[in-house]
Amino acid sequence: MDRCYKFIVSLLVLTCVLVPVRKIFATEVDSENNKGVSAIQAKSVTQQKREVISITSDELLLLSKLITGEARGESYEGQVAVAAVVINRVKDSRFPNSIKDVIYQKSAFSVVKDGSINMQPNESAYKAAQEALYGLDPTDKAVYFWNPDIATCQWIRTLDPYMRIGNHVFAK
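Residues numbered from 1 in each chain as written. Predicted model: local features only at pLDDT ≥ 70, side-chain atom pairs only at ≥ 80, totals over all residues. Heavy atoms only, no water.

1. A look at the overall build of the protein
Within the protein one finds seven helices and three strands. Walking the protein from its N terminus toward its C terminus, one meets helices and strands in the order α-α-α-α-α-α-α-β-β-β. Within the protein, contacts between residues separated by at least 24 positions form 68% of all contacts whose residues are at least 6 apart in sequence. Carbon and sulfur atoms make up 54% of the accessible area of the protein, which amounts to about 10300 Å² in all. (Helix = DSSP H or I, 4+ residues; strand = E, 2+ residues; numbered from the N terminus. Contact = heavy atoms within 4.5 Å. Areas by Shrake-Rupley, 256 points an atom, 1.4 Å probe, with all protein chains shown as cover.)

Now the structure itself:
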């Protein structure tokens, strides 16, 4: 477990520190070589790589664990979608305003109740969490998802799902 945690922290450092620095230098080199990168384009690239919410490395790990539990067997797009729903909840005033509080909100996610939130995340789940954190949202701002074939909560059936990704349907 300690080795896995160190690996995840190393990936976080590489992603958050080294990759943006490399892109800044690449943009400057492109500008110096007159390859047509305008200041507006460079600014746009920088803005696209900004986190949509600010979270700690512990919250990123927790989000990755949630993805591992909730999106087992789903495609990569399905994993990103699950992460996006959590992030959308943090941004929505109807829900708590932190990753941890959204995930541990009473009866919000089955993996908390059944203990699979404690599974170690794989690389795909970690990457999906990062992509959602940087704005990828295949759900178009959904705040709910469920598997209609196995869902047992009756209130969830009052929602109007508007899209399906893998086994999950999504609603706002």
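2. A word on the nonpolar core
In terms of nonpolar packing, the biggest core is built from 42 residues, with Leu-63, Leu-66, Ile-67, Val-86, Ile-99 and Trp-146 touching the most fellow members. Counting residues per element, the ones that place at least two in this core are helix 3 (57–70), helix 4 (76–91), helix 5 (99–103), helix 7 (123–133), strand 1 (144–146) and strand 3 (168–171). Ranked by the residues each element gives to this core, the list is headed by helix 4, at nine residues. Contacts of Leu-63, omitting those with residues within four sequence positions, involve Ala-83, Val-86, Ile-87, Ile-99, Ile-103 and Ala-129. (Core = buried A, V, L, I, M, F, W, Y, C linked by side-chain atoms within 4.5 Å. Buried < 20%, exposed > 50% of the residue type's maximum accessible area, 1.4 Å probe, protein only.)

3. Re helix 4
For helix 4, which comprises 16 residues, the first-to-last C-alpha distance of 23 Å matches the rise-based estimate of 22 Å (1.5 Å per residue) to within 8%. Judged by how many residues are buried, helix 4 sits mostly within the fold: 13 of 16 residues are covered. (Expected span 1.5 Å × (residues − 1).)

4. A closer look at the side chain of Thr-68
Tracing the backbone through its elements, the reader meets Thr-68 in helix 3. Among the polar contacts listed, one links the side chain of Thr-68 to the backbone oxygen of Ser-64, at a separation of 2.9 Å. (Polar contact = N/O pair within 3.5 Å; in protein donor to acceptor, adjacent residues only side chain to side chain.)

5. Focus: the pairing of strand 3
On strand 3, burial covers both faces: His-168 and Phe-170 on one face and Val-169 and Ala-171 on the other are all buried. Pairing of strand 1 with strand 3, which is carried by three bridges, proceeds in the antiparallel orientation. Within the sheet, the bridge partner assigned to Tyr-144 lies in strand 3 and is Ala-171. Counted between consecutive antiparallel strands, the loop separating strand 2 (residues 163–165) from strand 3 contains two residues, among which Gly-166 sits at a positive phi close to 65°. (Pairing = 2+ DSSP bridges.)

6. Concerning the packing of aromatic side chains
Two aromatic rings, taken as a pair, are described by how far apart their centres are and by the angle between their planes. Tallying each qualifying case throughout the model produces three aromatic pairs. Look at Phe-95 and Tyr-144: their rings are 5.8 Å apart centre to centre, the planes differ by 65°, and that puts the pair in the edge-to-face class. Residue Phe-95 is located in the loop between helix 4 and helix 5, and its partner Tyr-144 is located in strand 1; the two are separated by 49 residues in the primary sequence. Members of the aromatic cluster, connected to one another through ring pairs, are Phe-109, Phe-145 and Phe-170. (Phe/Tyr/Trp six-rings, centres within 6.5 Å; stacked < 30°, edge-to-face > 60°.)

7. Let's talk about unusual backbone geometry
Even without being a glycine, Ser-107 presents a positive backbone phi close to 60°. Summarising the element assignment, Ser-107 is placed in the loop between helix 5 and helix 6 (110–114). We classify Ser-107 as exposed; its relative accessible area is 67%. Unlike most non-glycine residues, Lys-141 shows phi in positive territory, near 75°. Among the structural elements, Lys-141 can be located in the loop between helix 7 and strand 1.

8. Details of the packing of helix 3 against helix 4
Put simply, helix 3 and helix 4 touch, their axes get as near as 9 Å, and they point 130° apart. Here helix 3 is positioned oblique relative to helix 4, judged by the angle of their axes. Considering the relative orientation of helix 3 and helix 4, their crossing is right-handed. Residue-level contacts link Leu-63, Leu-66, Ile-67 and Glu-70 of helix 3 to Gln-79, Val-82, Ala-83, Val-86 and Ile-87 of helix 4. Looking at the contact of helix 3 with helix 4 residue by residue, the classes come out as seven nonpolar, one polar and one charged. (Axes fitted to C-alpha atoms, helices over the stretch in contact; angles between N-to-C directions. Parallel < 35°, antiparallel > 145°, perpendicular 65-115°, else oblique. Left-handed = near helix turned anticlockwise from the far one by under 90°. Nonpolar A, V, L, I, M, F, W, Y, C, P; charged D, E, K, R; others polar.)

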